[in-house]
Amino acid sequence: MAWDVVIVGAGSSGCALAGRLSEDPHRRVLLLEAGAAVTDPAAFPADVRDVASLAAADPDGPHTWDVDVGLVPGRRTRVGRGRLLGGSSAVNGANHLRATRADLDSWPGWSYEATLPYYVRGERDLDVRGPLHGDAGPVPVVRPAGELRAAVTERFLDAAARVGVPAEPDKNGDQPPGAGLVPANVRRGVRVNAAMAYVLPHLARPNLTVRGDTTVARVLLDGDRAVGVEGVDGRRIEAGEVVLSTGSVCTPQLLALSGIGPPDALRAAGLPVHHECPGVGRGYSDHPSVYLAFPDATGDPPVHPEAPGAQAAVHLDAGDDPAGDLEILLFARPFAPGGPCHLMCALQAPESRGAVVLDGLDPTGTPRLEHRYLASGHDRARMREVVRRAGDLLVAGGLALDPARGLGARELDAWITAHLTTSAHLCGTARLGTADDPGAVVDPELRVHGLRGLRVVDTSVLPAVPRRGPAATALMLGERAADLVAGARAGGDPVT
Ligand SMILES: Cc1cc2nc3c(=O)[nH]c(=O)nc-3n(C[C@H](O)[C@H](O)[C@H](O)COP(=O)(O)OP(=O)(O)OC[C@H]3O[C@@H](n4cnc5c(N)ncnc54)[C@H](O)[C@@H]3O)c2cc1C
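Below, the structure is looked at part by part. (Residues numbered from 1 in each chain as written. Predicted model: local features only at pLDDT ≥ 70, side-chain atom pairs only at ≥ 80, totals over all residues. Heavy atoms only, no water.)

1. A word on the side chain of S53
Then, number 1: On the secondary structure map, S53 appears in the loop between α2 (46-49) and β3 (64-72).
Then, number 2: Judged by relative accessible area, which is 18%, S53 ranks as buried.
Then, number 3: Here A55 takes part through its backbone nitrogen, which lies 2.9 Å from a polar atom of the side chain of S53. (Helix = DSSP H or I, 4+ residues; strand = E, 2+ residues; numbered from the N terminus. Buried < 20%, exposed > 50% of the residue type's maximum accessible area, 1.4 Å probe, protein only. Polar contact = N/O pair within 3.5 Å; in protein donor to acceptor, adjacent residues only side chain to side chain.)

Written as structure tokens, this is what we have:
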């Protein structure tokens, strides 16, 4: 057998996993990616490198999977997810925020204490020192300072203080939620994606092989053991262990195409049933959001060309959720030249759950998603709250009039539905849980329940979308999974 581990998908988690696993020269690691691969950070296209732009995430562009998303009945949108070395970390906003303690402590077998060493190991925080931060990891983390901080960012933070939001100086510091600068994985204007951090520096390792333009069509099973994968070109690759890191859209699809999933849905889709797994693609969550636009009145001097757009955020503990279930994210740079700036208002701990449509699947495309946002009264009330609080900030900062002013609950619900979009933070399409949880797809060590030799290591496994963006957590998953695969643990609680 040529490979000890084959990792399918070179995104956030897959790159972190491949980089760490191949540190052992005796372990032969193969990393497969459907999209293009490069061998040098400078070879990424300009729009992929430029942290000031979100152009690389265009669902019509060359670097993405084009995902068809139902938001609420009657409203659909399209989301671009990364389809290149680095995955979604190569096209995302580069906000590097850890999950909250409340999120991590709620995942069976995981906890804040167990995951902290892995967040720390992955980062090189250039601003904050101390036991909660790493200074030697592969991912540089910085907050906008000096000329990189936009004038409107100061006004936003002042406005937050004026309306009584407490300061949260270190958003990765296990502090109560509040207003503060957003940490980003960026260096001199370059979005440092997971491949730049974890894979490209190690291409000389003889035990690490990276193949781009290789789309996997299914996992090969021999009884209850995964023995390899098959590409869309029919080529088979054998491996001692198979890891799916294809992300929360493609992982449930690949499981289903391999005959692993809800038997009723597989049969209805004409797929074989090799292993019944009712939770595949079901019960996921994502952050619903709306944007409030305001004129870029502070754009003199203009935002520095190397500065990230999302500069500061307010996370609100409005009484119900001490970890902060509401996010107001300041985009200090207009999305288009001459356009307005925006506050993105998002619900970070939604009750509503979505489903992946496991019908008509094609490994060279993506499945349809039905988010079913705002299906619960709780979610609608919390969305109204975050929009109202963002309106208060706009007024307090002298930035704009409050668009929700004077609207009653019904009118505001209608306004929110008309403007609703998604933060593209999908998680939980193959969630982790203990064997007595019928919806759990993987165990706390990320092994598919009931099968041997098959793990899922990506944002699919998170039981719910964390209260902060999942990018930093996707890297942490790869870091921790490397120790799980190796049977070793870098401190923290053992997985139960
Ligand atoms: C536009 C956008 C902006 C975002 N901004 C932020 C942000 O600022 N902060 C934040 O915290 N989060 C953000 N996110 C979310 C975050 O980037 C993702 O949650 C995270 O990167 C997901 O990591 P992953 O490893 O689960 O999957 P991905 O990084 O998506 O990796 C999956 C990889 O698998 C590959 N693949 C899929 N199917 C196959 C197959 N069959 N064969 C071979 N390869 C395959 C894909 O091409 C891809 O490279 C954003 C997401 C998007 C889409």
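Picking up where we left off.
2. A look at the pattern of salt bridges
Then, number 1: Across all of its chains, the model carries 31 salt bridges by this definition.
Then, number 2: The salt bridge involving R149 is made with E154; its shortest N-O contact spans 3.0 Å. (Salt bridge = Lys/Arg side-chain N within 4 Å of Asp/Glu carboxyl O.)

3. Side note on the packing of aromatic side chains
Then, number 1: Enumeration according to the criterion identifies three aromatic pairs in this entry.
Then, number 2: Taking 5.6 Å as the distance between ring centres and 90° as the angle between the ring planes, the aromatic pair formed by Y291 and F335 counts as edge-to-face. Taken together, the positions of Y291 in strand β17 (residues 288-294) and F335 in the loop between β19 (326-331) and β20 (341-347) put the pair 44 residues apart, joining distant regions of the chain.
Then, number 3: On the basis of relative accessibility, which here comes to 29%, the residue Y291 falls in the partly exposed class.
Then, number 4: Joined through ring pairs, the aromatic side chains of Y291, F331 and F335 make up one cluster.
Then, number 5: Sitting above the plane of the Y112 ring, R101 keeps its charged end 4.0 Å from the centroid.
Then, number 6: Across the ring face of W110, the terminal group of R480 is positioned such that the distance to the ring centre comes to 4.2 Å. (Phe/Tyr/Trp six-rings, centres within 6.5 Å; stacked < 30°, edge-to-face > 60°. Lys NZ or Arg CZ within 6 Å of the ring centre and 35° of its normal.)

4. Quick look at the site of the ligand
Then, number 1: In the vicinity of the ligand, 36 residues are found, and the nearest of them are S12, E33, S88, T459 and A471.
Then, number 2: At 2.6 Å from an oxygen atom of the ligand is found a side-chain nitrogen or oxygen belonging to E33.
Then, number 3: A distance of 3.0 Å separates a nitrogen atom of the ligand from a polar atom in the backbone of N95.
Then, number 4: Isolated, the ligand exposes 1000 Å² of accessible area, and the fraction of that covered by the protein chains is 95%.
Then, number 5: Those elements giving two or more residues to the shell around the ligand turn out to be α1 (12-21), β4 (75-82), α7 (247-257) and α11 (471-486).
Then, number 6: Among the elements that make up the shell around the ligand, the one with the highest residue count is β4 (three residues).
Then, number 7: Per-class residue counts for the shell around the ligand are 12 nonpolar, 20 polar and four charged. (Near = heavy atom within 4 Å. Areas by Shrake-Rupley, 256 points an atom, 1.4 Å probe, with all protein chains shown as cover. Nonpolar A, V, L, I, M, F, W, Y, C, P; charged D, E, K, R; others polar.)

5. Section: helix α4 (residues 112-122)
Then, number 1: Summarising burial for α4: eight of the 11 residues are buried, a large majority.
Then, number 2: Those residues of α4 that fall on the buried side of the exposure criterion are Y112, A114, T115, L116, Y118, Y119, V120 and G122.
Then, number 3: Those residues of α4 that are buried are in contact with α3 (101-105), β5 (123-125), β6 (139-141), α6 (194-198) and α11. (Contact = heavy atoms within 4.5 Å.)

6. Regarding the pairing of β19
Then, number 1: Of all six residues making up β19, six are buried, and the element is well covered by its neighbours.
Then, number 2: Neither face of β19 is left uncovered, since the one carrying L326, I328 and L330 and the one carrying E327, L329 and F331 both have all their residues buried.
Then, number 3: Summarising the sheet, strand β18 (residues 310-316) and β19 pair through six bridges and their orientation is antiparallel. Looking at β19, one finds that L316 is bridged to L326. (Pairing = 2+ DSSP bridges.)

7. Examining the sheet that holds β4
Then, number 1: Ordered in space as β4-β3-β22-β21-β16, the five strands form an open sheet in which the pairing is mixed. On the outer flanks of this sheet lie β4 and β16 (282-284), each paired with one strand and no other. This sheet shows a mean twist of 35° between the axes of neighbouring strands, independent of strand direction.
Then, number 2: Relative to β4, β3 is paired through eight bridges, and the arrangement is antiparallel. If you follow W65 over to β4, its bridge partner there is R81.
Then, number 3: Its contacts with the sheet put α7 on β3, β4, β21 (354-357) and β22 (368-370), and the angle it makes with β4 is roughly 95°. (Axes fitted to C-alpha atoms, helices over the stretch in contact; angles between N-to-C directions.)

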